[in-house]
Amino acid sequence: MLMATVVWKNLARQPLRNAQCRACHRFQRDLSSSRAVDQLENVVRWPIARLVAATREGSTTCETVASAFAAQQQKWKHLNDFITETPENAKKAAAQLDLSREKKESASKSSTLHGVPIAIKDNFCTEGVRTTCASKMLENFVPPYTATVVQRLSEQGAVSMGKTNMDEFAMGSFSTSSAFGPPLNPWLLASDPAACRVSGGSSGGSAVAVATRACAGALGSDTGGSVRVPAALCGVVGAKPTYGRASRHGLVAYASSLDTPGVFASTVDDAALLLDAISGLDPLDSTTADMPRGCPHPLSGLTIGVPQVWSEMDECCVLFLWFIPSIAQEYFISELPAHTVALWQQVNRSLCVSLKSPTKTHVHKYIHTH
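Description of the structure in this document. Here the structure is a predicted model, which means the values were calculated and not measured. (Residues numbered from 1 in each chain as written. Predicted model: local features only at pLDDT ≥ 70, side-chain atom pairs only at ≥ 80, totals over all residues. Heavy atoms only, no water.)

## Description of the pairing of strand 3 (residues 159-164)
Consideration 1: Summarising burial for strand 3: five of the six residues are buried, a large majority.
Consideration 2: When strand 1 (residues 82-85) meets strand 3, the two strands line up antiparallel, connected through three bridges. By the bridge assignment, Glu85 is partnered in strand 3 with Gly162.
Consideration 3: Pairing between strand 2 (residues 117-121) and strand 3: four bridges, direction parallel. Paired with Lys121 across the strands is Thr164, a residue of strand 3. (Buried < 20%, exposed > 50% of the residue type's maximum accessible area, 1.4 Å probe, protein only. Helix = DSSP H or I, 4+ residues; strand = E, 2+ residues; numbered from the N terminus. Pairing = 2+ DSSP bridges.)

## Points about the side chain of Ser226
Consideration 1: In this structure, Ser226 sits in the loop between strand 4 (217-222) and helix 9 (228-234).
Consideration 2: Reaching out from Ser226, the side chain makes a polar contact with the side chain of Ser202 at a distance of 3.1 Å.
Consideration 3: Not counting residues within four places of it along the chain, the set of residues in contact with Ser226 comprises Lys121, Ala170, Gly172, Gly201, Ser202, Ser203, Ser221 and Phe264. (Polar contact = N/O pair within 3.5 Å; in protein donor to acceptor, adjacent residues only side chain to side chain. Contact = heavy atoms within 4.5 Å.)

## Concerning unusual backbone geometry
Consideration 1: Backbone torsion omega between Gly201 and Ser202 reads 10°, so that peptide bond is classified as cis.
Consideration 2: Topologically, Ser202 is positioned in the loop between strand 3 and helix 8 (204-211).
Consideration 3: Backbone geometry places Ala134, a non-glycine residue, at a positive phi of 60°.
Consideration 4: Examined against the element boundaries, Ala134 turns out to sit in the loop between strand 2 and helix 7 (148-155).
Consideration 5: Using a relative accessible area of 0% as the deciding quantity, one classes Ala134 as buried.
Consideration 6: With a phi angle near 55°, Phe169 is a residue other than glycine that sits in the positive phi range.

## So, the nonpolar core
Consideration 1: Counting residues in each nonpolar core, the largest one holds 59 residues, and the members touching the most others are Phe69, Leu113, Phe124, Leu153, Leu219, Phe264 and Leu274.
Consideration 2: Considering each element in turn, this core owes the most residues, six residues, to helix 5 (residues 62-75).
Consideration 3: Residues in contact with Leu274, not counting those within four places in the same chain, are Ile48, Leu113, Ile118, Leu153, Gly217, Ala218, Val263, Phe264 and Ala265. (Core = buried A, V, L, I, M, F, W, Y, C linked by side-chain atoms within 4.5 Å.)

## Looking at the environment of Asp276
Consideration 1: Turning to its location among the elements, Asp276 is positioned in helix 10 (residues 268-278).
Consideration 2: Its relative accessible area of 28% is what places Asp276 among the partly exposed residues.
Consideration 3: Considered as a pair, Asp276 and Arg245 are 31 residues apart in the sequence and their alpha carbons are 9.5 Å apart.

## Quick notes on helix 7
Consideration 1: Among all positions of helix 7, only Thr148, Val149, Val150, Arg152 and Leu153 are buried.
Consideration 2: Two residues or fewer past helix 7, Gly157 is found with a positive phi of approximately 100°.

Shown next as structure tokens:
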């Protein structure tokens, strides 16, 4: 899944040429050049582990972190990634965490998301905050209870920046069917919304929020790609766990035998922290499994699938294999449809142009900067 995300992430960017490419670079430049004070500018770029460490030890406060992400949320508000914004609630919750830390009450090492701003797809129930499922039918619906995965994130110290945009009732793959208008992909903006790229769906708002650093991580739901597709198109990490790993209690159903809560983040490490926080047995969902959290087994010796067509290409075909050390073997599938082969070749050419000289050093530099 991770390799596929890298591939589609590059496919989403590859056609950006000339004026379109400049628009993409403007987004990157704007994202990294916030006009806030230096501390706020830096905080929104930190990975989750660093945010948690900083707020625990007191080198910054949870309220400062919440304010920094709230500024990003307002800066990119025109992308329509949120249906309901709750930055003030996040700041209040963050201030309470700071107060508890000063009193040495709850900034324990067990709080793995202490002060981390998150966003929640608008099909997870949140007590006291409306849950619309991007539908006019539920425009004013305020649930009387909170979904299990949202509650678990809160118990780990996360603060919610709001509810994110999506396809209506999660029925879509592009986030274009929302009753509140579509969330826009930040990688190619245009004056005419019709000319903008789709963010992917159905969890498009969550992916856009993470891409613009309006939050450090986000919740989504995946029935047939609704986390993985927007993650790929918006250039972030999306993780859809095995069915039963995370509770569906409080998730408005689309297809109950397939629906799975998932997470968005900027890095694989951040996604792992979020996934670990929401996983586990839930007595309110009989389909959840009592499985150990984390990654109990090393990656060494695992098998990675690589399309056979890569064996006919130049040395760029081995780029992705360098990202996973100690892989024992590769499995080459025998056939691929012609259009899929063409897409793989398009990715390969894109990497060749970007890297020029495809050495391992160039690969790591390319991935780091892209």
